[in-house]
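What follows is the residue order along each chain.
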Amino acid sequence: MDIEEMDKRFGLEGHASVEAGPGGLPFVKVANALAKAEISLMGAHVTSYCPKRSGEVLWMSPLSKFEVGKALRGGIPLCWPWFGKHGFDESAPMHGLARLMMWELVSIVPNGDEGTVVTMHLRDNAETRAYFNYAFELEYTVRVGARLGLSMRTLNTGGAPFVITQALHTYFRVWDITRVSVDGFDGCRYLDKVGAGGNGVQHGSIVIDREVDEVFQGCVGPAVIHDAASERSIVVEKSNSSSGIVWNPWIAKSSRMVDFPDDGYKEMLCVETANALEDARCVKPGESLTLGAEIYVK
Ligand code: BG6
């Protein structure tokens, strides 16, 4: 279905339209009484969330590519069916397949009086089978209102169980990374992915004063990003997740990434809702698993 047809079929006055965005990719553009949001159907990738009064919540790189099969830089990439590197296949794409594929728009419906719910699907196909030889259906719903609700349901439609790791890899917009602190990980174990790495236990708040790439375990409660410069706190509540990632590339890694501005690290922070490492999940035939996050500004 082309973009115009999708808009005719799914567009909803006072809620959302389907339009061509950067790179000519189809985007669902939500504008309701409570918030605005933009979602690329390539990757089912939320690139903007702007609740009334609090301004943009997500960070999007001005150097991001917008092409089918290329991961967008910023917003909310969906890492699935593996988070990070594939377990053994060096040729497999980082963070899995979902963020590289065109998703099917299924519906745009009102949520209560003022919010909007956008639902998208991805099913197994020849490309996914090349790396993940299972039958599945992913259903991703994005609820746009005073809060941003994200819910990704993995349904096993085949006859064999499979194991996945996954993440809602959310890039948040902050005004000054040197004045940011993150709560919600006190007492949690982590794997440090920077340099020689190693394992540790977080004590107190996280501050970002170097490259940070930590995969936390045993974190089920909300994460709170305090951004002193903007006087905003962003809360990330989650469901069916007991792992999470905090990532800021800092100076050297920023300059190595072609789609990332050299000073981009100053204004972004990833706090990801995940099922990673020992929080990997098995999905049996006919069963499903839903990873969820609820994001709002305090
Ligand atoms: C984070 C990883 O989740 O994603 C980092 O922990 C990685 O190691 C980052 O660098 C970005 O990954 P990518 O594939 O989008 O460049």
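Before reading on, note that the structure itself is shown above.
Nothing here was measured: the structure is a model prediction, and the numbers come from that model. (Residues numbered from 1 in each chain as written. Predicted model: local features only at pLDDT ≥ 70, side-chain atom pairs only at ≥ 80, totals over all residues. Heavy atoms only, no water.)

What to know about the pattern of salt bridges
Within the structure shown, the criterion is met by 14 salt bridges. For Arg 129, the salt bridge identified is with Asp 124, shortest N-O distance 3.1 Å. Note on Arg 129: relative accessible area 33%, which makes it partly exposed. On the basis of relative accessibility, which here comes to 23%, the residue Asp 124 falls in the partly exposed class. As a salt-bridge pair, Glu 294 and Arg 143 come within 2.9 Å of each other at their nearest N and O atoms. Taken together, the residues span a long stretch of sequence, with Glu 294 in strand β23 (residues 288–297) and Arg 143 in strand β8 (residues 136–144) at a distance of 151 residues. What makes Glu 294 buried here is its relative accessible area of 18%. (Salt bridge = Lys/Arg side-chain N within 4 Å of Asp/Glu carboxyl O. Buried < 20%, exposed > 50% of the residue type's maximum accessible area, 1.4 Å probe, protein only. Helix = DSSP H or I, 4+ residues; strand = E, 2+ residues; numbered from the N terminus.)

Regarding the pairing of β23
Counting buried residues in β23 gives seven out of ten residues, a clear majority hidden from the surface. Examined bridge by bridge, strand β9 (residues 148–156) and β23 share eight bridges and lie antiparallel to one another. The residue of β23 that forms the bridge with Gly 149 is Glu 294. The sheet contact formed by strand β19 (residues 232–239) and β23 spans six bridges and is antiparallel. Each bridged residue has a counterpart across the sheet, and for Ile 234 the counterpart in β23 is Val 297. (Pairing = 2+ DSSP bridges.)

Remarks on the site of the ligand
Around the ligand sit Arg 73, Phe 83, Met 94, His 95, Arg 99, His 169, Lys 193, Asp 213, Ile 245, Trp 247, Lys 253 and Glu 272, and those are all the residues in its vicinity. Here an oxygen atom of the ligand and a side-chain polar atom of Lys 253 are 2.8 Å apart. Protein contact buries 89% of the 390 Å² of open area that the ligand shows by itself. Its residues assigned to classes, the shell around the ligand comprises four nonpolar, two polar and six charged. (Near = heavy atom within 4 Å. Polar contact = N/O pair within 3.5 Å; in protein donor to acceptor, adjacent residues only side chain to side chain. Areas by Shrake-Rupley, 256 points an atom, 1.4 Å probe, with all protein chains shown as cover. Nonpolar A, V, L, I, M, F, W, Y, C, P; charged D, E, K, R; others polar.)

Structural notes on the pairing of strand β13 (residues 180–183)
When β13 meets strand β18 (residues 223–227), the two strands line up antiparallel, connected through four bridges. Across the sheet, Ser 181 pairs through a bridge with His 226, a residue of β18. Where β13 and strand β16 (residues 206–207) come together, two bridges link them in antiparallel fashion. Of the residues in β16, the one forming a bridge with Ser 181 is Val 207.

Let's talk about the state of the cysteines
Using the criterion set out here, one finds zero disulfides in the structure. Between Cys 270, a cysteine without a disulfide, and Cys 79, which holds the nearest cysteine sulfur, the sulfur-to-sulfur distance is 9.2 Å. (Disulfide = S-S within 2.5 Å.)

Thoughts on the packing of aromatic side chains
Across all of its chains, the model carries 15 aromatic pairs by this definition. When the centroid spacing of 6.3 Å and the interplanar angle of 50° are considered together, the rings of Phe 27 and Phe 66 count as tilted. Of this pair, Phe 27 sits in strand β2 (residues 26–31) while Phe 66 sits in the loop between β4 (45–51) and β5 (78–79), and the two are 39 residues apart along the sequence. Across the pair, exposure class does not vary: Phe 27 and Phe 66 are buried alike. Aromatic pair Tyr 190 and Phe 216: ring centres 5.5 Å apart, planes at 65°, arrangement edge-to-face. One end of the pair, Tyr 190, is in strand β14 (residues 189–192); the other, Phe 216, is in strand β17 (residues 212–217), and 26 residues separate them in sequence. Put simply, the rings of Trp 80, Phe 132, Tyr 134, Phe 136 and Phe 162 pair up and form one aromatic cluster. Its guanidinium or amino end placed over the ring of Tyr 296, Arg 147 lies 3.8 Å from that ring's centre, counting from NZ or CZ. (Phe/Tyr/Trp six-rings, centres within 6.5 Å; stacked < 30°, edge-to-face > 60°. Lys NZ or Arg CZ within 6 Å of the ring centre and 35° of its normal.)

Structural notes on the sheet that holds strand β3 (residues 35–40)
The four strands lie next to each other as β1-β2-β3-β4, forming an open sheet whose pairing is antiparallel. Among the strands making up the open sheet, the edge pair consists of β1 (16–20) and β4. With direction set aside, neighbouring strand axes in the sheet form an average angle of 15°. Where β1 and β2 come together, five bridges link them in antiparallel fashion. Each residue of the ladder has a partner; that of Val 18, found in β2, is Val 28. (Axes fitted to C-alpha atoms, helices over the stretch in contact; angles between N-to-C directions.)

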